[in-house]
Amino acid sequence: MSEYDVDLFVIGGGSGGVRAARVAAQHGARVMLAEQYRVGGTCVIRGCVPKKLLVYASRFRAEFEDAAGFGWTVPQASFDWPTLIANKDKEIARLEAAYTATLQRAGVTIVKSRAVIADAHTVQLADGRRVRAGYILIATGGAPSYGDPIPGIEHAVSSNEAFHLPHLPPQVVIQGGGYIAVEFAGIFAGLGAQVTLVYRGENILRGFDDEVRHHLRMDMEKHGVRVLTGCRIAAIEPKDSRYSVQLSSGNHLTAECVMFATGRAPNIANMGLHEVGVEIAADGGIAVDEYSRTSVANVYAIGDVTNRVNLTPVAIREGAAFSDTVFGGKPAAVDHTNVPTAVFSDPEVGAVGLTEAEARARLARTDVYKAMFKPLKATLSGRDTTVLLKLVVDGSTDRVVGCHIVGEAAAEMIQIAAIAVKMGATKADFDATMALHPTAAEELVTMRQKSASYVREAAE
Ligand SMILES: Cc1cc2nc3c(=O)[nH]c(=O)nc-3n(C[C@H](O)[C@H](O)[C@H](O)COP(=O)(O)OP(=O)(O)OC[C@H]3O[C@@H](n4cnc5c(N)ncnc54)[C@H](O)[C@@H]3O)c2cc1C
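What this report covers is the structure whose coordinates are included nearby. The structure presented is a predicted model; accordingly, all values stated were derived computationally and were not measured. (Residues numbered from 1 in each chain as written. Predicted model: local features only at pLDDT ≥ 70, side-chain atom pairs only at ≥ 80, totals over all residues. Heavy atoms only, no water.)

If you check helix α12 (residues 410-423), its first and last C-alpha atoms are 20 Å apart, about what 14 residues at 1.5 Å a residue would give, namely 20 Å. Residue Ala417 marks the point of greatest curvature in α12, where the axis turns by about 25 degrees. Inspection of α12 places Ala410, Ala411, Met413, Ile414, Ala417, Ala418 and Val421 among the buried residues, and these make up the whole buried set. Two residues or fewer after α12 comes Gly424, characterised by a positive phi angle close to 85 degrees. (Helix = DSSP H or I, 4+ residues; strand = E, 2+ residues; numbered from the N terminus. Expected span 1.5 Å × (residues − 1). Bend = angle between axes of the 7 residues up to and from the residue. Buried < 20%, exposed > 50% of the residue type's maximum accessible area, 1.4 Å probe, protein only.)

Let us look at the sheet that holds strand β10 (residues 226-229). Judged by pairing direction, the sheet is parallel, and its 4 strands sit side by side in the order β10-β9-β8-β14 without closing on themselves. The open sheet terminates on both sides in strands that have one partner only, identified here as β10 and β14 (257-260). Looking at each pair of strands side by side, their axes are set apart by 15 degrees on average, direction ignored. Here helix α6 (residues 179-191) sits on the sheet in contact with β8 (171-175), β9 (194-199) and β14, set at roughly 165 degrees to β9. (Pairing = 2+ DSSP bridges. Axes fitted to C-alpha atoms, helices over the stretch in contact; angles between N-to-C directions. Contact = heavy atoms within 4.5 Å.)

Here we come to the sheet that holds strand β11 (residues 233-239). The 3 strands are arranged β11-β12-β13 in an open sheet whose pairing can be described as antiparallel. Strands with a single pairing partner mark the edges of an open sheet, and in this sheet they are β11 and β13 (252-255). The sheet shows a mean angle of 25 degrees between the axes of neighbouring strands, taken without regard to direction. When strand β12 (residues 242-247) meets β13, the two strands line up antiparallel, connected through 4 bridges. Considered in β13, the bridge of Ser244 is made with Thr254.

Time to look at the side chain of Glu96. Among the secondary structure elements, Glu96 is positioned in helix α4 (residues 81-105). With a relative accessible area of 14%, Glu96 lands in the buried category. A distance of 3.4 Å separates a polar atom in the side chain of Glu96 from the backbone nitrogen of Val39. Apart from residues no more than four positions distant in its own chain, Glu96 is found in contact with Arg38, Val39, Ile45 and Lys112. (Polar contact = N/O pair within 3.5 Å; in protein donor to acceptor, adjacent residues only side chain to side chain.)

Attention now moves to α6. Note on helix geometry: an α-helix contains 3.6 residues per turn, so any two residues three or four positions apart are oriented the same way. The terminal C-alpha atoms of α6 lie 18 Å apart, and with 13 residues this matches the ideal 18 Å at 1.5 Å per residue to within 8%. With respect to burial, α6 is a largely interior element, 11 of its 13 residues being buried. Buried within α6 are the following residues: Ala181, Val182, Glu183, Phe184, Ala185, Gly186, Ile187, Phe188, Ala189, Gly190 and Leu191.

Another aspect to go through is the pairing of strand β21 (residues 400-406). Burial runs high along β21: 7 of the 7 residues are buried. For strand β18 (residues 349-353) and β21, the ladder comprises 5 bridges, and the chain directions are antiparallel. Counted as the bridge partner of Val349 is Val406 from β21. Taken together, the 6 bridges between strand β20 (residues 387-394) and β21 define a ladder with antiparallel strand orientation. By the bridge assignment, Lys390 is partnered in β21 with His404.

Across the junction of Asp346 and Pro347, the peptide omega takes the value 5 degrees, indicating a cis bond. With respect to the helices, strands and loops of the structure, Pro347 is situated in the loop between β17 (341-343) and β18. Residues other than glycine seldom take positive phi values, yet Asn270 does so here, at roughly 55 degrees. Position of Asn270 relative to the elements: it lies in the loop between β15 (264-266) and α8 (273-276).

Time to look at the nonpolar core. One finds Ile174, Phe188 and Leu197 to be the most contacted residues of the largest nonpolar core, which totals 42 residues. Sorting the residues of this core by element identifies α3 (48-67), α4, β8, α6, β9, α7 (210-222), β14 and β18 as the ones contributing at least two each. Here the element with the most residues in this core is α6; it accounts for 8 residues. Contacts of Ile174, omitting those with residues within four sequence positions, involve Ala181, Phe184, Ala185, Phe188, Val195, Thr196, Leu197, Val198, Met259 and Ala261. Within the second largest apolar cluster, 23 residues are counted, among which are Ile136, Val276, Ile286 and Val296. (Core = buried A, V, L, I, M, F, W, Y, C linked by side-chain atoms within 4.5 Å.)

Take the pattern of salt bridges next. Working definition: two side chains of opposite charge can pair if their charged atoms are close together. Counted under the stated rule, the structure contains 26 salt bridges. The closest approach of N and O atoms between Asp119 and Arg132, which form a salt bridge, is 3.9 Å. One end of the pair, Asp119, is in strand β4 (residues 115-119); the other, Arg132, is in strand β6 (residues 130-138), and 13 residues separate them in sequence. Under the relative-accessibility criterion, Asp119 is labelled partly exposed at 31%. Residue Arg132 is classed as partly exposed on the basis of its relative accessible area, which comes to 31%. (Salt bridge = Lys/Arg side-chain N within 4 Å of Asp/Glu carboxyl O.)

You can see Arg383 is positioned in the loop between α11 (376-381) and β20. Reaching out from Arg383, the side chain makes a polar contact with the side chain of Glu65 at a distance of 2.9 Å. Residues in contact with Arg383, not counting those within four places in the same chain, are Ala62, Glu65, Asp66, Lys374 and Ala378.

So this is what it looks like as structure tokens:
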């Protein structure tokens, strides 16, 4: 008989944990998974999926407006927030049940409980039960972090609560410049709220290509979102049934809802990690090697809790790779380069590979190709918007090392472009591909003129 109750104990039933548990069970391991809230984790319950549903809802406004140019008369449209939230919740409950059933079918035992590590081979549940495990996988994800405390911070909501507001607030102030902040700005504005985005940096979407950042900001402002950069919220004070929001610039705003989207922190607190010797990296995530192994030999960590690339498909891939490595006899390391990413803002952003600035810092020669144009649909709708497509090319090898898109369906486009970038396609390969007309994406294969070319100065 085994000295362990289970071969694998997974802490956290989110994107990474669920996949790891299922694949390990399919490899024949006896698996137990603990989830303290709802199976499915951030992505399914209060992340990607509900957010995208809200994004869809917010886009109908523009569709109704645009229809007039195409000959439609659309009666005055009205929107009901409780209906949207109820329908969204129903779909999330369906998905949660589906995830649970998949795990159970694979033979995984699910315990609805918080779990912490008692020692390298023991997990402790909230009711005091202890489970001995051959391996422990930490897949506890991350949680919203509010940054430095300010007076009145208790009145602010995070993305967690934003999915469950009782009604659509007429005015929303959002602090943050990352993808969650700009996505919620688009959601609330599209649904009819007055939105102000407050960000302490010089421009939104830090880490994305500078032209993308500039382009998105310009289009967001055209669509009615007020973007205030170089300042932050200094205090929040209840006033009548709203809040007076004091900014570091000295100005005041009034809003019914104040949302903080100021980043997420790995869920590592009070988990017993320090006591058992699991090292934490300088960025606050659990330190792991390429196989997701921590500093304790039989303890692994995957997904957002490791703070590598905090996206669902990455957590899923890391979960599967862990189980293939440990239980499938197929060591698998996840390649974190050229991960495509999207921002479901208004307009949408899609990106893969190096930004222009990164390429110029790393490559001997960088060529940039760019197309900026009014989309065909906007010619009749009259909507004031432009699409940006940009290719960053290694001038020495002709390889396309970055692709950046702002505009309708940018996320769908970038998923496909990412295959070419990952395969190492050259600009000549893009050029040799026949255009598909009339699309916005055809510009990716018809950009013949360089918009810029840079040679890196030799290091001293
Ligand atoms: C608003 C928002 C929008 C997002 N949009 C996108 C998107 O469009 N695309 C994308 O790819 N990614 C998106 N993400 C990121 C994505 O949700 C995460 O990268 C992904 O969920 C990480 O998966 P994970 O398994 O590491 O952690 P999680 O999905 O966070 O799962 C961790 C689970 O562990 C549980 N847990 C924590 N501690 C314990 C404990 N001690 N015991 C038991 N259970 C515990 C938690 O309750 C949670 O269910 C979004 C995130 C947010 C917040």
